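Breakdown of the fold
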Protein chains: 2
Amino acid sequence: MTELEKGPQGRRRGRGARERILSASQQLFREQGINRTGMDQLCAAAQVSKRTAYQHFTGKDELVAEYLRRFDPSVLSGVFDRTDLTPRERLLAAFDIPPATPLCPYIGAAVELHDPQHPASQYARDYKKAVAARLADTAREAGAAEPEQLGEQLALLIDGAAARTRVLNADAFPTAAAIAAVLIDNAIPASSPRQPSDDRGTTGSAPVPVGGE
Amino acid sequence: MTELEKGPQGRRRGRGARERILSASQQLFREQGINRTGMDQLCAAAQVSKRTAYQHFTGKDELVAEYLRRFDPSVLSGVFDRTDLTPRERLLAAFDIPPATPLCPYIGAAVELHDPQHPASQYARDYKKAVAARLADTAREAGAAEPEQLGEQLALLIDGAAARTRVLNADAFPTAAAIAAVLIDNAIPASSPRQPSDDRGTTGSAPVPVGGE
DNA sequence: CCGTAAGCACACAGAGCGGTGTACATAACA
DNA sequence: TGTTATGTACACCGCTCTGTGTGCTTACGG
């Protein structure tokens with residue numbers, strides 16, 4: 001609120017229409033789903049005219065893809081960079097998600113759009129692969145015997161917890177965390193939890209994927 | 001094809017419109033999703049006039065709920081009754097699903113409908129709970145230390161594999177099966193895989209739930 | 001033989017959807 | 001001052017969706 005909020009008809013009312021549109025997307029798409037959120041409602045929530053919205057995005061599809069791309073997952077970005085935790089603790093921290101998370105939006109988008117070729121679906125795939133890769137990197141760092149396998153397994157647990165939470169309307173992440181603990185204990189040869197600040201670079205998977213296969 | 005198939009305008013053309021409608025639902029809802037399948041298309045596929053459809057079902061919502069209710073999951077009904085397998089093998093067999101399974105329709109319905117109060121969503125919850133209960137029963141039968149916990153964990157693995165398969169467009173059930181094997185080995189105190197035909201009754205969870213909370 | 005039940009064909013209503021066209025208003029910059 | 005970029009307000013198009021209304025056809029049963 002520095003120089004923004006010019007007036008009822010001012011040129012820019014809150015630093016760019018784009019941001020407001022994407023911000024409204026974050027809320028509405030997650031609360032109501034993608035298909036059930038019309039462009040009219042979304043523009044109204046963003047306080048942006050529909051005409052403007054279609055000058056920033058060629059269509060709803062592009063908007064949905066951007067929405068997913070802009071989604072900054074608290075889990076991913078927050079967990080993997082925490083050098084105060086051991087790799088092993090980092091792996092487990094991936095299951096400590098805040099309870100106010102309705103559903104992994106990537107799964108939701110893939111199911112709702114129902115088209116694997118949709119840009120958003122492609123990004124969802126890329127993202128999920130990236131998460132698994134990051135988990136694998138951390139597993140390797142933790143000294144796991146087969147880090148790729150463990151990463152894939154932990155990723156599956158996260159997705160399972162997300163899906164089950166949605167269907168049952170009850171938090172399933174504690175169960176997933178319990179399984180994760182077992183898997184990690186089995187995979188790491190009962191030794192070598194590396195020091196926290198000893199971060200030899202991860203093998204180098206990007207924090208966020210860009211292209212679509 | 002005994003006395004059915006009367007003619008182009010015969011009174012009954014395949015033993016009841018209801019069956020044909022539900023049969024077409026099984027196919028279309030799974031292939032295309034619920035929201036993307038209109039009643040027009042569905043009625044055309046079922047060779048039933050729209051008017052007739054709405055005399056059998058008060059609306060699409062009821063039809064969707066019936067569709068889920070009639071869904072006979074090959075996994076559930078097939079696996080738990082196989083007395084030729086040990087309980088432990090039965091638990092693992094739950095992950096041997098045929099590769100031609102697009103997505104667990106219960107998850108799909110819960111995500112697509114996006115309303116926990118929808119009859120179909122409620123049934124999906126009940127069904128998922130029933131599966132977990134059956135798994136827990138089998139785990140108990142197999143001599144697991146904490147069967148309820150193991151049942152919930154295996155159920156989470158199944159859901160995770162289903163969700164991940166959908167998002168990644170690649171079969172994730174082998175990974176889930178690998179995890180399941182680890183969990184089962186850890187939970188069963190390295191003894192007592194009961195004889196195949198020794199079926200003392202399971203604790204008694206219904207094969208399919210009926211009411212919705 | 002006639003009534004009734006079941007179904008069909010078809011048009012239509014009402015709403016919501018994604019997306020566009022048009023005319024106008026404001027602010028920055030030349 | 002005038003131009004241009006950006007945005008608004010609002011009507012509108014074509015489409016699809018769920019759901020009905022209406023009248024006709026067929027088969028069965030008393």
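We now turn to the structure provided with this report. (Residues numbered from 1 in each chain as written. Chains lettered and ligands numbered in written order. Predicted model: local features only at pLDDT ≥ 70, side-chain atom pairs only at ≥ 80, totals over all residues. Heavy atoms only, no water.)

**Some thoughts on the interface of chain A and chain B**
- Listed by partner, the interface residues are 42 residues for chain A and 42 residues for chain B.
- Taken together, the connections running from chain A to chain B amount to four salt bridges.
- Note that R164(A) is salt-bridged to E152(B), the shortest N-O span being 3.0 Å.
- Taken together, the links from chain A to chain B amount to twelve residue pairs in polar contact (both at pLDDT 80 or more).
- Secondary-structure elements contributing two or more residues to the side of chain A that touches chain B are α1 (17–32), α7 (105–113), α8 (119–141), α9 (147–168) and α10 (173–187) of chain A.
- With 13 residues, the top contributor of residues to the side of chain A that touches chain B is α9(A). (Contact = heavy atoms within 4.5 Å. Salt bridge = Lys/Arg side-chain N within 4 Å of Asp/Glu carboxyl O. Polar contact = N/O pair within 3.5 Å; in protein donor to acceptor, adjacent residues only side chain to side chain. Helix = DSSP H or I, 4+ residues; strand = E, 2+ residues; numbered from the N terminus.)

**Considerations on the packing of helix α8 (residues 119–141) of chain B against helix α9 (residues 147–168) of chain B**
All names here are of chain B.
- Taken N-terminus to C-terminus, the directions of α8 and α9 make an angle of 130 degrees; their axes are 7 Å apart at the nearest point. By the angle class used here, α8 and α9 are oblique. The way α8 lies across α9 gives a crossing that is right-handed. Across from K128, A132, L135, A136, A139 and R140 in α8, the residues of α9 making contact are P147, E148, L150, G151, E152, L154, A155, I158 and D159.
- Taken together, the residues of the contact of α8 with α9 break down into nine nonpolar, one polar and five charged. (Axes fitted to C-alpha atoms, helices over the stretch in contact; angles between N-to-C directions. Parallel < 35°, antiparallel > 145°, perpendicular 65-115°, else oblique. Left-handed = near helix turned anticlockwise from the far one by under 90°. Nonpolar A, V, L, I, M, F, W, Y, C, P; charged D, E, K, R; others polar.)

**Observations concerning α8(B)**
- Over its 23 residues, α8(B) runs 33 Å from end to end, which matches the ideal 33 Å to within 8%, given 1.5 Å per residue.
- Of the residues flanking the end of α8(B), it is G143(B), one or two places downstream, whose phi is positive at about 90 degrees. (Expected span 1.5 Å × (residues − 1).)

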